[in-house]
Amino acid sequence: MGDRSLEETVSAPTKGRSGRTVIIAVALVAALVAVGVGTWLILSKPAGDGRADVVRLDKHRVIVDNSMNLYDPLVQQFSGRYSNVIAEKAGQSEEEKVLARDRERIARESQANRQRLDHMAESAALKDQELAQAFNRFKDQYGAVIAYNDQLLVNTTNIYRSVGGPCASLHSSLNVASESYAQDYVKNADECLAALRTAKDGADAETVTLISAVEAVISGQRAKQQEVLDSKDSLERLAKSTTAAVALLDINEAFAKAQTTYETATKDKYSKIIENANSSNSEFESVLKKSLEQFDAVSGEGK
Amino acid sequence: MTIEPVRPKRRPLLIVLAIALVLAVIASVVVVTLTNVAAQQRKESLALLKDQRLAALVEARGKIQPATNAYLAAYKKARNLPASQEEAEKNSAKERDDFQQAISSARTALNEVQSGNGGGEADEIAVAVTQLGDSYQAYMDSMEGLVESYPRFEGLFRQDAGCSGLFVGSKASNLRERQTLLSQAAGTCREAVNQLKQSKNISYVEFARTLDNEIAQLETHAETTAKSEENYNEFVRLKDEYQKKVDDATARNASDEEYRKITEELKALNTRIKNNRSEFDFAAKRYLTGVKDMPTLVDDVFSKNIAEQLKHHDAVIPIRVQVVKDEVDAELAE
């Protein structure tokens, strides 16, 4: 009895200990399995995701390319509204409303497009050297399209504010036959010239050229009208005003020339930008396609 | 024996460790499951967005323009009966309701698209949905404005607003009377034009601005021509006077100096006549052009400006829809 009880007392802890060990062992195994399953679940996603990254990148390429088509209608809307506000002298608050609503809309558009490009740059698929190179070119070229349109907003605003504003009435609302024409012209021309000078701020080279051409024409005419004002007697006055009136006949040609030069230059500039963007897009597209085909070939072998 | 004291210490430690491990395991399994469930739900809601909600929105927008056209036609027809603005509005109430229905369906469809996708999230889909929402909102606001302000626009050149009074035509017997009649018409017409400036549709607003300025120009030119005509009558009188003076001087055999003085005065009068004439010509030409161009200005609102506006929305909105679809596809890519 005593022995048994001794055995009992000795073996009891052993039995209890082994029971717990079993539980712990089971728990440990369960934990390991669970951790394994968890890790597998988490890791399985990125593991099969190399292809998805490429697909995603391709989708985003299409989105960026498609979004560029929005600039045209949006810029047109802005310039139409802005020109109306300026031409009809709707006032400061209406002008600011158009700037805040229609110009800001395009600024937000550009911001979203830049974010899209930045987001694409973070893609894991770009670990591939060839894809990365094609993407960088794509990003640069589309960045140039975005920057062009941002600059276009500044140019458009500045041109309407000056050429479409105080300068527009100069040759349409003044009565050439009126006695006070020279005086009216000089006064209005000064307003126009002041507006033209500020219009150069922030404008691009082509726009500055256009504005300078208009400026040269107007200040030339203004000088001639000033001579009329400075004439000492009526005979001289008549002679000067005739010269000035004849000179006025040339301004349409001068303006048309400045305008044509501007339009040709900006058109060339923009078509070059668009051309580059398009070629970087098709190059990027084909590299992405090749990458997808590689993935498909590998998974085909796997099966 | 040496183990004995250790055992009770190690045992709770092991138990705690085991419990902690088990808890950690459960927690990680729960987290993994939840993420998977959430991902699954997100996938489902994106698929719903792309396949149903966007399609519903596009369909709802498709009904707005026919409803607009139906209303405009119904109102115009009612008005031409002829009927007053109020009666015409009553007689086109059904079409107006249908239009309102189309707009509110589209707004509901837009809310559906935006719910859960536009909210604060800085992801790309949210950005695309916000831009889509802006474009749709702009479209619907402009269409609502187009319909709401139509009776006002349409009535401008009818009796209600009296802008047709701007075409004075042959009602006036002289230019001063023309100026008076014009300024009377301009008074009431301007009021209606200023109300149109409050429209939600920018084409009406821009037209109202231009018309307002045109009216002001007409008034200025009418005043100039009326004044010139009055001046001219005065000049005719003055010229007669000078003629008498010259005759008188000749009869008296007046001095050379007196002749020179009269000649100088006549010269000055001739200059005034010339200037008056040039001012008159300038103003009259512009007055006539202004009146002649006014119908074109009115016609352009629908034939040009609103048509362009619709073209703008038709260019922008499909791209917005496509971008949202592509963003969803990109996120769902596997």
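Parameters and conventions
Residues numbered from 1 in each chain as written. Chains lettered and ligands numbered in written order. Predicted model: local features only at pLDDT ≥ 70, side-chain atom pairs only at ≥ 80, totals over all residues. Helix = DSSP H or I, 4+ residues; strand = E, 2+ residues; numbered from the N terminus. Rg over C-alpha atoms; globule rule 2.2 N^0.38 Å. Buried ≥ 20, exposed ≤ 12 C-beta atoms within 10 Å, placed from the backbone. Contact = placed C-beta atoms within 7 Å. Expected span 1.5 Å × (residues − 1). Arc of directions from axis to C-beta. pLDDT = per-residue confidence, 0-100. Bend = angle between axes of the 7 residues up to and from the residue. Core = buried A, V, L, I, M, F, W, Y, C linked by C-beta atoms within 7 Å. Axes fitted to C-alpha atoms, helices over the stretch in contact; angles between N-to-C directions. Parallel < 35°, antiparallel > 145°, perpendicular 65-115°, else oblique. Left-handed = near helix turned anticlockwise from the far one by under 90°. Nonpolar A, V, L, I, M, F, W, Y, C, P; charged D, E, K, R; others polar.

Our next topic: the overall build of chain B. A count of helices and strands for chain B gives nine helices and zero strands. Counting from the amino terminus, chain B carries its helices and strands in the arrangement α-α-α-α-α-α-α-α-α. A compact globule built from 334 residues should have a C-alpha radius of gyration of about 20 Å, whereas chain B, at 39 Å, is more than 25% larger. Overall, the C-alpha framework of chain B stretches about 165 × 55 × 30 Å when taken along its three principal axes. Counting the 334 residues in chain B, one finds 29% classified as buried. Considering only residue pairs separated by 6 or more positions, chain B has 75% of its internal contacts joining residues 24 or more positions apart.

Here we come to the overall build of chain A. Check the secondary structure of chain A and you find eight helices and zero strands. For chain A, the α and β elements follow one another from N to C terminus as α-α-α-α-α-α-α-α. In chain A, which comprises 303 residues, the share counted as buried stands at 27%. When contacts within chain A are restricted to residue pairs at least 6 apart in sequence, long-range pairs at least 24 apart make up 79% of them.

Residue and element names in this part refer to chain B. Between its first and last C-alpha atoms helix H4 (residues 93–114) spans 31 Å; for 22 residues at 1.5 Å apiece the expected length is 32 Å, and the two agree. Those residues of H4 not exposed but buried are Glu-95, Arg-96, Phe-99, Ala-102, Ile-103, Ala-106, Ala-109, Leu-110 and Val-113. One face of H4 carries all of its buried residues, which in axial projection span an arc of 155°. What points out from H4, more than 90 degrees from its buried face, is the exposed set Lys-94, Asp-97, Gln-101 and Ser-104.

Our focus in this paragraph is the confidence of the model for chain A. All names here are of chain A. Mean pLDDT for chain A: 86, with 86% of residues reaching 70 or above. Averaged over each element, pLDDT in chain A is lowest for helix H1 (residues 2–47) (60) and highest for helix H5 (residues 129–162) (95). Note that pLDDT drops below 50 for residues 1–13; the model gives that stretch zero contacts with residues more than four away or on any other chain.

Let us now look at helix H7 (residues 175–196) of chain B. Residue and element names in this part refer to chain B. Over its 22 residues, H7 extends 30 Å from the first C-alpha to the last, a length consistent with the 32 Å expected when each residue adds 1.5 Å. For H7, the principal kink sits at Gly-187 and spans about 25°. Taken residue by residue, H7 has Leu-175, Arg-178, Gln-179, Leu-182, Ala-185, Ala-186, Cys-189, Val-193 and Leu-196 as its buried positions. Against the buried residues of H7 lie helix H6 (150–155) and helix H8 (202–252).

Ala-106, Leu-166, Cys-189 and Val-324 of chain B are the most contacted members of the largest nonpolar core, which totals 79 residues. Per-element accounting of this core gives the leading share, 12 residues, to helix H5 (residues 124–148) of chain B. Not counting residues up to four positions away in its chain, the partners in contact with Val-324 of chain B are Leu-54, Ala-128, Val-129 and Leu-132 of chain B. Judged by nonpolar contacts, the second largest core, of 30 residues, contains Tyr-82, Ala-203 and Ile-211 of chain A together with Val-316 of chain B.

Another point: the packing of helix H2 (residues 64–79) of chain B against H4 of chain B. Residue and element names in this part refer to chain B. Viewed as axis vectors pointing N to C, H2 and H4 meet at an angle of 160°, and their least axial separation amounts to 8 Å. One finds that H2 runs roughly antiparallel with respect to H4. Handedness of the H2/H4 crossing: left-handed. In this structure, H2 uses Ile-64, Ala-67, Thr-68, Ala-70, Tyr-71 and Ala-74 to contact H4, whose residues at the interface are Glu-95, Arg-96, Asp-98, Phe-99, Ala-102, Ile-103 and Ala-106. By residue class, the composition of the contact of H2 with H4 is nine nonpolar, one polar and three charged.

A few words on unusual backbone geometry. Residues Leu-81 of chain B and Pro-82 of chain B are joined by a peptide bond in cis, for which omega reads 10°. Along the chain, Pro-82 of chain B falls in the loop between H2 and helix H3 (85–91).

Our focus in this paragraph is the packing of helix H6 (residues 181–199) of chain A against helix H7 (residues 205–230) of chain A. The packing of two helices is summarised by the inter-axis angle and the distance between the axes. Residue and element names in this part refer to chain A. Running from amino to carboxyl end, H6 crosses H7 at an angle of 155°, the nearest separation of the two axes being 9 Å. Overall, the two elements H6 and H7 adopt an arrangement that is roughly antiparallel. In this structure, H6 crosses over H7, and the sense of that crossing is left-handed. Contacts from Ala-182, Gln-183, Tyr-185, Val-186, Ala-189, Cys-192, Leu-193, Leu-196 and Ala-199 in H6 reach Ile-211, Val-214, Glu-215, Ile-218, Ser-219, Gln-221, Arg-222, Gln-225, Gln-226, Val-228 and Leu-229 in H7. Here the contact of H6 with H7 is built from residues that sort into 13 nonpolar, five polar and two charged.

Another aspect to go through is the environment of Ile-19 of chain B. Its location among the elements puts Ile-19 of chain B in helix H1 (residues 6–62). Look at Ile-19 of chain B and you get exposed, because 11 C-beta atoms sit within 10 Å.

A word on the interface of chain A and chain B. The interface of chain A with chain B comprises 37 residues on the first partner and 33 residues on the second. If you list the elements that add at least two residues to the side of chain A that touches chain B, you get H1, helix H2 (50–67), helix H3 (71–87) and helix H4 (92–121) of chain A. When residues of the side of chain A that touches chain B are assigned to their parent elements, the largest contribution, 12 residues, is made by H1 of chain A. Residue composition of the side of chain A that touches chain B, grouped by class: 19 nonpolar, 11 polar and seven charged.

Residues and elements named next belong to chain A. Along the chain, the position of Ser-280 falls in helix H8 (residues 234–302). Taking the number of C-beta atoms within 10 Å as the measure of exposure, Ser-280 has 21 and is therefore buried. On a C-alpha basis, the gap between Ser-280 and Arg-108 in space is 24 Å, while along the polypeptide they are 172 residues apart. Once residues within four sequence positions are removed from consideration, Ser-280 is found in contact with Arg-137, Phe-138 and Gln-141.

A separate point is the confidence of the model for chain B. The predicted structure's coordinates, where accompanied by low pLDDT, should not be read in detail. Residue and element names in this part refer to chain B. Of all residues in chain B, 95% attain a pLDDT of 70 or more, and the chain-wide mean is 90. The low-confidence segment residues 118–122, where pLDDT is below 50, has five contacts with residues more than four positions distant or belonging to other chains. Here the predicted complex scores 0.83 on pTM and 0.84 on ipTM.

The next thing to look at is the environment of Ser-169 of chain A. Structurally, Ser-169 of chain A is set in the loop between H5 and H6. Along the chain, Ser-169 of chain A and Phe-135 of chain A lie 34 residues apart, while their C-alpha atoms are 49 Å from each other.

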